[in-house]
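Coordinate inspection notes
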Amino acid sequence: MSNRNWFYASEGQQKGPLPEAQLRDLITRGMVGADTLVWTEGMAGWQKAGEIPGLVPSAAGAPPAFPQAGPPPVVASGSYSGGALSADFPIWGLFGRSLLMFIGQIFVIPAPWTATALYRWSIPHIRVPGRPNLGFTGQPLDIWYVFIILGLLTYSSTANSTIVSLLSLVVQGFLSWMIVRWITGRLSSNGQELPISFKGSPAVYVGWYVLMVISAITIIGWAWVMTAWMRWICRNIEGTRREVTFNATGLEVLWRTIVFAVGCSFLIPIPWVLRWYANWIISQFALTERGAYANA
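Please read all numbers here as calculations on a predicted model, not as lab measurements. (Residues numbered from 1 in each chain as written. Predicted model: local features only at pLDDT ≥ 70, side-chain atom pairs only at ≥ 80, totals over all residues. Heavy atoms only, no water.)

Let us now look at the pairing of strand β13 (residues 242-246). Summarising burial for β13: 5 of the 5 residues are buried, a large majority. Alternating positions in β13 separate into two faces, Arg242, Val244 and Phe246 on one and Glu243 and Thr245 on the other, with burial throughout. Here 5 bridges tie β13 to strand β14 (residues 285-289), and the two strands are oriented antiparallel to one another. Counted as the bridge partner of Thr245 is Ala286 from β14. (Buried < 20%, exposed > 50% of the residue type's maximum accessible area, 1.4 Å probe, protein only. Helix = DSSP H or I, 4+ residues; strand = E, 2+ residues; numbered from the N terminus. Pairing = 2+ DSSP bridges.)

Structure representation (structure tokens):
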């Protein structure tokens, strides 16, 4: 299990993910003890570190079972019901629907249907602690005009006009805000829509969008802008007693995106690196008790 990422519970809160080497370092320094609850992908539930064979020096215990399961809630606190999100997208399903969405945007008219099809297929493959059978109830005609305009804007560069390009960038940012709000408001669990909404200001969202594009000039700075943007989006998701957080660092986003881009450049690895990247992005979102990361 040396290549696994681990979570551990401290004062009723989930910490992680972190590599096993880092977890062992915490054990050595006494920050994680034999009685500390830990979890890694494949475990059925949280277990004491001392019960994991070979994890804590001089600790022995029965070998744990590792059935496939999403991260369960931390049981150190009865009121805590958070945890990291996870996903296991089928390779060809994700690649095929992503390709159809790309083609739909190029041909403009099919865009509402191909985009919605991707969302309706992919969201049920995301596991959220405390939200069984996650789904998406959005329909292609809900905001069809948004996808049509986005498709048309892909051709704005042919105008060879700086003003048109800048206006196009602002409009794309606003339409992206509409899509985020639409997706958030159409999530369901066990067939019932969730009372969740995105309350972020459209002006601020567009500002983040423009900053993201401008930061691409720095080659690497965009990754830190992206992580800050994701955290801002999470802070503005309301309607749930749990807080959504984004835990990836700029460096983690940067090197994984570089690997993803290099893999895509060779064409053949695209389905595999796309799945790897999508699964990782989802795993960086988590649900926590509100206020737990107030000072983060």
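Turning our eyes to something else, we now look at the nonpolar core. Counting residues in each nonpolar core, the largest one holds 58 residues, and the members touching the most others are Phe89, Tyr119, Ile126, Phe147, Ile179, Trp229 and Phe285. Here the element with the most residues in this core is helix α7 (residues 221-235); it accounts for 9 residues. Discounting chain neighbours no more than four positions away, the residues touching Phe89 are Leu94, Trp121, Ser122, His125, Ile126, Arg275, Ala278, Asn279 and Ile282. (Core = buried A, V, L, I, M, F, W, Y, C linked by side-chain atoms within 4.5 Å. Contact = heavy atoms within 4.5 Å.)

For the rest of this paragraph, the subject is unusual backbone geometry. Even without being glycine, Val108 reaches a positive phi, approximately 65°. In this structure, Val108 sits in the loop between α2 (91-107) and α3 (111-122). The backbone of Asn133 shows a phi angle near 55°, a positive value even though the residue is not glycine. Classification of Asn133 as exposed rests on a relative accessible area of 58%.

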